[in-house]
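Geometric and topological summary
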Amino acid sequence: MAVRAVLRMGHPQLRRRANEVERPGDEALNALVGDMLETMEAAGGVGLAAPQIGVPLRVIVFGVQSDNPRYPDAPPVPRTVLVNPEITARGRDVRPEWEGCLSIPGMRGLVPRPERIRYRGLDANGQEVEGEARGFHARIIQHECDHLDGILYPDRIVNPEMFGFIEELKAAGLVAGDLPPEPAQPATGRG
Ligand code: NI
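Quick caveat: nothing in here was measured; it's all calculated off a predicted structure. (Residues numbered from 1 in each chain as written. Predicted model: local features only at pLDDT ≥ 70, side-chain atom pairs only at ≥ 80, totals over all residues. Heavy atoms only, no water.)

1. Details of empty space enclosed by the protein
Test applied: Note on definitions: the grid is 1 Å and covers protein atoms alone; a cavity is a set of points where a 1.4 Å probe fits but cannot get out; a pocket is an open set with protein on both sides within 12 Å along at least five of seven lines; lining residues have an atom within 4 Å of a point. Grid points are joined across faces, edges and corners, and a volume is the space filled by probe spheres set on the points. Secondary structure elements follow DSSP: runs of H or I of four or more residues count as helices, runs of E of two or more count as strands, with numbering from the N terminus.
According to the stated counting rule, one finds one cavity of 30 Å³ or more in the structure shown. Lining the largest cavity are 16 residues, with Val46, Tyr71, Gly100, His143 and Glu144 positioned closest to its centre. In terms of residue count, helix α2 (residues 135-148) provides more of the lining of the largest cavity than any other element does, six residues in total.

2. Let's talk about the sheet that holds strand β3 (residues 77-89)
Stated precisely, the cut-off is as follows: At least two DSSP bridges between two strands are required for those strands to pair. A fitted line through C-alpha atoms serves as each axis, taken over the contacting stretch for helices, and the angle formed by two N-to-C directions is quoted from 0 to 180°. When checking whether two residues touch, look at their non-hydrogen atoms; a contact exists if any pair is within 4.5 Å.
Strand order in this open sheet of five strands is β1-β2-β3-β6-β7, and the pairing throughout is antiparallel. Each end of this open sheet is capped by a strand with a single partner; those strands are β1 (47-49) and β7 (128-134). Averaged over all adjacent pairs, the angle separating strand axes in this sheet is 40 degrees, with direction ignored. Note: β1 against strand β2 (residues 59-64), three bridges, orientation antiparallel. Bridge pairing links Gly47 to Phe62 in β2. Set on the sheet, helix α1 (residues 27-42) makes contact with β1, β2 and β3; between it and β2 the angle comes to about 40 degrees.

3. Quick notes on the layout of surface pockets
Unfilled space is identified by rolling a water-sized probe across the atoms. The condition is simple: Three categories are distinguished: nonpolar for Ala, Val, Leu, Ile, Met, Phe, Trp, Tyr, Cys and Pro, charged for Asp, Glu, Lys and Arg, and polar for the others, with Gly belonging to the last.
Counted as a void, the second largest pocket has a volume near 200 Å³. Along the walls of the second largest pocket sit 13 residues, with Glu41, Gly45, Gly63, Gln65 and Asn68 positioned nearest its centre. Elements that contribute at least two residues to the lining of the second largest pocket include exactly α1, β2 and β3. Examining the composition of the lining of the second largest pocket, we find that three residues originate from one element, β3, more than from any other. Looking at the lining of the second largest pocket residue by residue, the classes come out as five nonpolar, five polar and three charged.

4. Things to note about the environment of Leu174
Note the following rule: Each residue is assigned to one of three classes by its accessible area relative to the maximum for its type, calculated with a 1.4 Å probe on protein chains only: buried under 20%, partly exposed between the two thresholds, exposed over 50%.
Note on placement: Leu174 falls in the segment after α3 (166-171). Residue Leu174 is classed as partly exposed on the basis of its relative accessible area, which comes to 36%. Between the C-alpha atom of Leu174 and that of Leu14, which follows or precedes it by 160 residues, the distance is 28 Å.

Written out as C-alpha cells, the structure is:
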C-alpha cells in the first residue's frame, strides 16, 4: 500500500467519466483500494474516488472517525469501499451544507444535495452491498459518486458567493470558526 498523490482541480483526469470495474475481487482492485484508504487517511479526508489518484475506475472509499480534523462536527461513518456504486435519492428533502474536496484544497462551498439516498454496489471482494444513508453520510457518498462522472462540487454550487477559501469564509462568519486549516497535502507518493 502507498500514499498516492491527489490530483487537483484543473487536471483533466478529474473531468472524465470513470469505467466500471470488470473483475471486482482481483488483486489489482485490492491494491487500489488499499492505496485509496491510505491516501484518504494520510490527507485527513472523509472520502476518496479512484479518479482523484489518476485511476479511471468506478471505485470510492469513505469513512469518518469521530476526531477527523477537517470535519470536527461530523458524525462517525464506518469505513466503506464501494465498487460500481449506484445511488438514488429518497424523498424530496434537499439540504445545503458546506463541502470540501481533497482535489480543491483550502476551499469550501455550500452545496445542496438530497438528504437521504439509497446506494448499492460491490465491496472490494465483489460481494453486493446496499443500504440507506442520510445527512453527512449521504452527502459523502453523493460527492464521491460525482467524482466518477467527472463532476466536482463547485459545479453544484447554487450561490457563487457561498464558495471560497476557508480562511476567508471563516473571517466572514460564513463557516464555523473552529474549522481548522486543511492539512498540507502529502508530498510523497506516486500517481
Ligand atoms: Ni472530492
